[in-house]
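Residues per chain, in single letters:
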Amino acid sequence: MMLKDTRRYLPSIGSFATFEVAARHLSFTIAAKELNVTQAAVSQHVRNLEKALEQPLFVRKHKGLELTNAGTRLLIAVSTGLDCISEAIGDLESTTTDQLVTVSATTGAASYWLRTLVDGFQFIHPEVRFVILASDEDDTLRNFSDVDVSLICGNERCDVGEKLQYLFPEIVRPVCSPGYLERYGPFDDLSVLETANLLHLHEKHWSSDAIGWKPLTWANWFRANGRLYTERPGTLSSNSYPLLIDAAVEGKGLILGWQHIVQQHIDAGSLVVANEASFRVERGNFLKINQDSRKKSQVMLFHDYILKTCEAIELW
């Protein structure tokens, strides 16, 4: 008789699984607790299995159980089979789950810095898929169970007990397009810079209640560099930092450029530093890995890639 026909007459898989637990512990009572069923149910499964196989699997003694020769042989076979099933399930999970990495960040960081990181990582590991969740309003994204990796700015708003890895500080400089600098610059003198068309990040970029700190303004930058600045409206103000970057690239004016976000534009030559004076904010950028996600090999590979990339950053 062919093997596939023989399998039709096998007892239920559940009875084999129950037998394996009872045989490991040599106790119906302990097996019942592990399986969260009654002792009578375990005993009934074993009796049905013995009836189907037409031979005893246990020697029932007053002080416990012993396996018969048939029981010992069956335990080895069932254990091997369950191990194979577990290994196959693990392989399936690694194919469907470990290949997906979910990352959260603010909109600006996600649109420029994080996207560049993901592109570089996927060039090395094309099998890995990403979900990028970007928000300037929902600071709780980092706590969602589906989020493996969180890029966070500012440690004063992080919950006690969170394990964070410091990446780099917040540093900003005025940046603009090469054409704008050539037409209206140079801007080495702060009195000249303040008369230029300064594009503003609107106060509704995010609320301090949502993110935990207020966005930087031109007034902050001028004050840090020793000049009192009275804000005057530029031609554009927006709560979308990516929109301001696009406007600066198009030559519409100057923006405050966060190094990790605008660096790719500077490297490409679409933006240039308009004034070398920088403003280093007393907060940093951090990396958080969901504790359960540390078991995923692809998450930890991306974690290592981020750290290695940050080590190579030459700070302004």
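As a starting point, this report considers the structure included with it.

About the thresholds
Note that residues are indexed from 1 along each chain, following the sequence as it is written. Owing to the predicted nature of the model, reporting of local features is limited to residues with pLDDT of at least 70; listing and counting of side-chain atom pairs is limited to 80 or more, with chain, interface and lining totals taken over all residues. Values reported for side chains reflect all heavy atoms of the structure, with hydrogen atoms and water molecules removed beforehand. Here a Phe, Tyr or Trp ring, Trp counted by its six-membered ring, pairs with any other such ring whose centre lies within 6.5 Å, and the pair is stacked when the planes are under 30 degrees apart, edge-to-face when over 60, and tilted otherwise. Note on conventions: DSSP H or I runs of at least 4 residues are helices, E runs of at least 2 residues are strands, and numbering of each starts at the N terminus. Note on classification: 1.4 Å probe, protein chains only; a residue is buried when its accessible area is under 20% of the maximum for its type, exposed when over 50%, partly exposed between these limits. Should a side-chain nitrogen of Lys or Arg be within 4 Å of a carboxyl oxygen of Asp or Glu, the pair is scored as a salt bridge.

Okay, the packing of aromatic side chains next. Evaluation of the coordinates by the stated rule reveals 15 aromatic pairs. Ring centres 4.9 Å apart and planes at 70° place the aromatic pair F130 and F302 in the edge-to-face group. One end of the pair, F130, is in strand β4 (residues 129–134); the other, F302, is in helix α13 (residues 297–311), and 172 residues separate them in sequence. Look at F302 and you get buried, because its relative accessible area is 0%. Their ring planes at 40° and their centres at 4.5 Å tell us that Y180 and Y184 sit as a pair that is tilted. Of this pair, Y180 and Y184 are both found in helix α7 (residues 178–184), four residues apart, which corresponds to roughly one turn of the helix. By relative accessible area, which is 41% here, Y184 ends up partly exposed. Each residue in the set F121, F130, F302 and Y305 is aromatic and connected to the rest through ring pairs, giving one cluster.

This structure, assessed with the given rule, holds nine salt bridges. A salt bridge links E50 to R60; its shortest N-O distance comes to 3.0 Å. Placement of the pair is E50 in helix α4 (residues 39–53) and R60 in strand β1 (residues 58–61), with a sequence separation of ten residues. On the basis of relative accessible area, R60 is assigned to the partly exposed category, the value being 41%. One salt bridge in this structure joins K61 and E66, with 2.8 Å as the shortest N-O distance. Relative accessible area serves as the criterion here: at 38%, E66 is assigned to the partly exposed category. Look at the salt bridges and you will find they share partners, linking E20, R24 and E34 into a network.

Geometric values such as these leave the question of function open.
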